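Residues per chain are reported as follows:
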Amino acid sequence: MGLSNLRYAKSHEWVSVTDGVATVGISRFAVDQLTDVTYLELPKVGKTVAIGDEVGVIESVKSTSSFYSPVAGEVIAVNDAAVQDTGLLNEDPYEKGWLMKVKLAAGAGIDHLLDQSQYDAQIASEA
Amino acid sequence: MNNTQSTELLFEISKTGRRCHRLPVCDVPVDEPLESLLPDAHRAAEPPPLPEVGEIDLIRHYTNLSTRNMSIDTNFYPLGSCTMKYNPKRHERFAGLPGFAALHPLQDDETLQGMLELLFHMQEYLAEISGLPAVSLQPAAGAQGELTALFVAAAYFRDKGETQRKKVLVPDSAHGTNPASAALAGFEAVTVKSTPGGLVDLDDLRAKIGPDTAVFMITNPNTLGLFEKQIQTITTLLHEQGALVYLDGANMNAILGITRPGDFGADMQHYNVHKTFTGPHGGGGPGSGPIAVREFLAPYLPAPVVVQDGDRYRLEYDMPKSIGRVRSFFGNVGILFRGYCYIRTLGPDGLKDVSEQAVLNANYLRARVAEGYDIPHAGPCMHEFVASARGLLREKKIRAMDIAKRLLDYGYHAPTVYFPLVVPEALMMEPTETESRETLDAFADTLLAIRNEEPDMLRTAPHTHIISRADEVKAAKEPVLRWK
């Protein structure tokens, strides 16, 4: 996946949209902050989500963090493999470690999200 | 920590027939057969599978295990937010006096007068120190104190018919127990942001206060070791909306005798007697988390409370609006007892001195640590401060965890790491008032030396302990909770 095509929420979720379906995960920066992920709770397929909704929980050896939907729509898939093997998030947050797929609601977009350079600037100030 | 003795379990070193002691043959004549004294059906078919070991092996087993422990009696223990101060040994001696230690809580009040008098005065002292007149000694630790106070708040609002108050506001630098207590008490926890300076963001607080606000929980000084200077503005804002202010008393060690939560507008607070008033802790407890509240909340406190009737003391159960018991008997009396001894030993001036020395020690250590580490929030601090290893992470990929683990090699307990969450790579240090300047200097010198050690070696520290880095992921996901 070309990272330059991703968009980001301030809360460190990434989004990639293909044919009206947004794939959502968390960024490498976020994963590195969390350190080893031990437990993952993802939303139910079919759930309607709004931007900023708390949709899941990511627990690591360091802390427990909420995971927020960066887009509006309906959850059509979640990554059960990552729930089973949370190491996938640490190894490959942008491919094997994706979290959910959301069919965007009518009129919903991703223009409110940060592009790569804006996100890079944000994490440079946080790191 | 150079003990190389085995930590095999007693079951593993057991040898059939080996004994510490052999009882003599029973010399009481038994006329009846055993069967008639204790029928077969009630007797075990074989002896219980207890370990069989010699006395020397038993003593070595426990003595060696005890040397694996790090404690305030053996090591400097700057564990931020935990107030690991020295626990005076004379309290142990007093607590062991048979007039106290041999009491049973189900004895009649009349035969417990000494203990009840002591607990009554403890209630009075805690009320005086907090500026909040009504006290319950029952909660078993700080988190239970928080939960109890929120139950009290919920009962108060129910009684007033203000059931629309569903929200508890909690700053993002709060202890994780705050939102957890709010949720357990049936409220919704709402996070309030901090300013870059580390204090409550008043604009965000104003935006979140409303007619549905029940309680604002604030830790003051907060977990960054900063005193919330706008505390009176904050408490006024909450009171204007009819909401209550809860003070998380975890950091009382900074303000004893200097300011009182009741005076700056808190309506309820808990104490951690085991921290502020020296109950030995760090090995899992027990703690003691009494709460103090304003007079109008007193009817809702857990029953019973200790009351004075003339020259007698008794437990008062006639509290129809009470939320009920939260702990068996009178709470963790052993810790309350030690706290009482501490308060009586020091007196009002001594307690104030404790806080002044604790703040002085923290600021001294802060200045020394700042020679080599980022300290994101401007000083002076109160009784603790938070340093950050973010610079080291950027330069050499060394994390706060690596520094914490390496400190163990030098015989120091690690500081609190990765808390509060608002500071990346946080190292939170609370030296307490009982440490000497020499100890603080030696610790600071060590921290500064670690900074320049070989990164690869730091990432695999500690190197001098029997267990190095535990596999935390495996421990969290596949915990081994029993032997075999």
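About the cut-offs
Residues numbered from 1 in each chain as written. Chains lettered and ligands numbered in written order. Predicted model: local features only at pLDDT ≥ 70, side-chain atom pairs only at ≥ 80, totals over all residues. Heavy atoms only, no water. Helix = DSSP H or I, 4+ residues; strand = E, 2+ residues; numbered from the N terminus. Rg over C-alpha atoms; globule rule 2.2 N^0.38 Å. Contact = heavy atoms within 4.5 Å. Areas by Shrake-Rupley, 256 points an atom, 1.4 Å probe, with all protein chains shown as cover. Lys, Arg positive; Asp, Glu negative; His and termini not counted. Charge placed at Lys NZ, Arg CZ, Asp CG, Glu CD. Buried < 20%, exposed > 50% of the residue type's maximum accessible area, 1.4 Å probe, protein only. 1 Å grid on protein atoms, 1.4 Å probe; cavity = no way out; pocket = protein on both sides within 12 Å on 5 of 7 lines; lining within 4 Å. Points joined across faces, edges and corners; volume = space filled by probe spheres on them. Nonpolar A, V, L, I, M, F, W, Y, C, P; charged D, E, K, R; others polar. Domains from an automatic or database assignment. Pairing = 2+ DSSP bridges. Axes fitted to C-alpha atoms, helices over the stretch in contact; angles between N-to-C directions. Salt bridge = Lys/Arg side-chain N within 4 Å of Asp/Glu carboxyl O. Patch = residues over 30% accessible without salt bridge, like charges linked within 9 Å, V, L, I, M, F, W, Y side chains within 5 Å. Arc of directions from axis to C-beta. pLDDT = per-residue confidence, 0-100.

Draft legend 1. Just the overall build of chain A, in detail. Across its full length, chain A holds 4 helices and 9 strands. Against the 2.2 N^0.38 benchmark of 14 Å for 127 residues, chain A shows a C-alpha radius of gyration of 13 Å, consistent with a compact globule. The principal-axis extents of the C-alpha atoms in chain A amount to approximately 40 × 30 × 25 Å. For chain A, the proportion of contacts with a sequence separation of at least 24, taken over those separated by at least 6, is 63%. Just so you have it, chain A exposes about 5,900 Å², and 49% of that area is on carbon and sulfur atoms. Across chain A, the mean location of the 9 positive side-chain charges is 3 Å away from that of the 18 negative side-chain charges.

Draft legend 2. Molecular detail of the overall build of chain B. Looking only at helices and strands, one finds 17 helices and 12 strands in chain B. Dimensions along the principal axes, computed over C-alpha positions, put chain B at roughly 85 × 65 × 45 Å. Going through the 484 residues of chain B one by one, you find that 51% of them count as buried. Only carbon and sulfur atoms are counted for the fraction: they give 55% of the accessible area of chain B, which is about 23,100 Å². Of the charged side chains in chain B, 48 are positive and 60 negative; the average position of the first set lies 5 Å away from that of the second.

Draft legend 3. Main features of empty space enclosed by the protein. Residues and elements named next belong to chain B. According to the stated counting rule, one finds 3 cavities of 30 Å³ or more in the structure shown. Considered as a void within the structure, the largest cavity measures approximately 70 Å³ in volume. Gln123, Ser136, Leu137, Gln138, Pro304, Val305, Val306, Leu315, Phe329 and Phe330 are the residues that line the largest cavity. The residue inventory of the lining of the largest cavity, partitioned by class, reads 7 nonpolar, 3 polar and no charged. As a volume, the second largest cavity reaches approximately 50 Å³. What lines the second largest cavity is simply Leu224, Leu226, Arg366, Ile375, His377, Ala378, Gly379, Pro380, Cys381, Phe385 and Val386. Split into classes, the residues belonging to the lining of the second largest cavity amount to 8 nonpolar, 2 polar and 1 charged.

Draft legend 4. Here's a closer look at the domain arrangement of chain B. Here the domain parsing of chain B yields domain 1 (10-67), domain 2 (90-346) and domain 3 (348-475). Here the C-alpha centre of domain 3 of chain B lies 48 Å away from the C-alpha centre of domain 1 of chain B.

Draft legend 5. Focus on the sheet that holds strand 4 (residues 37-41) of chain A. All names here are of chain A. Taken together, 3 strands build an open sheet; the order of strands is 4-6-7 and the sheet is antiparallel. If you trace the sheet from one side to the other, it starts and ends with strand 4 and strand 7 (64-68), each paired once. Within the sheet, the average angular offset between the axes of one strand and its neighbour, ignoring direction, is 25 degrees.

Draft legend 6. A look at the sheet that holds strand 1 (residues 134-136) of chain B. Residue and element names in this part refer to chain B. Strand order in the open sheet made by the 7 strands is 1-7-6-5-4-2-3, with mixed pairing throughout. In the strand order of this sheet, the two ends are held by strand 1 and strand 3 (188-192), each with one partner. Shown here is a sheet whose adjacent strand axes are inclined to one another by a mean of 20 degrees, direction ignored. Judged from the 2 bridges that link them, strand 5 (residues 244-248) and strand 6 (residues 268-270) form a sheet pairing that is parallel. When the bridges of strand 6 are listed, Leu247 appears paired with Gln269. Relative to strand 5, helix 7 (residues 142-160) is tilted by about 175 degrees, and along the sheet it contacts strand 2 (167-171), strand 4 (213-219), strand 5, strand 6 and strand 7 (291-293).

Draft legend 7. Summary view of the pattern of salt bridges. Residues and elements named next belong to chain B. The final tally for this structure, using the stated rule, is 28 salt bridges over all chains. For Arg19, the salt bridge is made with Glu52, and the minimal N-O distance between the two is 2.6 Å. With Arg19 in the loop between helix 1 (10-13) and helix 2 (34-37) and Glu52 in the loop between helix 2 and helix 3 (55-67), this residue pair connects regions lying 33 residues apart in the sequence. Judged by relative accessible area, which is 41%, Arg19 ranks as partly exposed. Between Asp203 and Arg206 there is a salt bridge; the shortest N-O distance is 3.6 Å. Taken as a pair, Asp203 and Arg206 lie in helix 9 (residues 202-208) at a separation of 3 residues, close to a single helical turn. Here the salt bridges share partners, and the residues they tie into one network are Arg368, Glu371, Arg437, Asp441 and Asp445.

Draft legend 8. Spotlight on a negative patch on the surface. Among the surface-exposed residues, A:Asp36, B:Asp471, B:Glu472 and B:Glu478 lie close enough to one another that they form a single negatively charged patch. With respect to the helices and strands, the residue B:Glu472 is situated in helix 17 (residues 472-477). On the basis of relative accessible area, B:Glu472 is assigned to the partly exposed category, the value being 31%.

Draft legend 9. Region of interest: helix 4 (residues 116-126) of chain A. Residues and elements named next belong to chain A. Taken as a whole, helix 4 has its buried residues at Tyr119, Gln122 and Ile123. Burial along helix 4 is one-sided: seen end-on, the buried residues are contained in an arc of 90 degrees. Projecting away from the buried face of helix 4 at angles above 90 degrees are the exposed residues Ser117, Ala124 and Ser125. Lining the buried residues of helix 4 we find strand 1 (7-8) and helix 1 (28-34).

Draft legend 10. The confidence of the model for chain A, seen in detail. Per-residue confidence for chain A averages 92 on the pLDDT scale, and 96% of its residues sit at or above 70. When mean pLDDT is taken per element in chain A, strand 8 (residues 73-78) of chain A scores highest with 97 and helix 4 of chain A scores lowest with 88.

Draft legend 11. Inspection of the pairing of strand 8 (residues 305-309) of chain B at higher detail. All names here are of chain B. As paired strands, strand 8 and strand 9 (residues 312-316) are joined by 5 bridges and run antiparallel to one another. Across the sheet, the residue bridging to Val306 is Leu315, located in strand 9. Where strand 8 folds back on strand 9, the antiparallel hairpin that results is connected by 2 residues, among which Gly310 adopts a positive phi of roughly 60 degrees.

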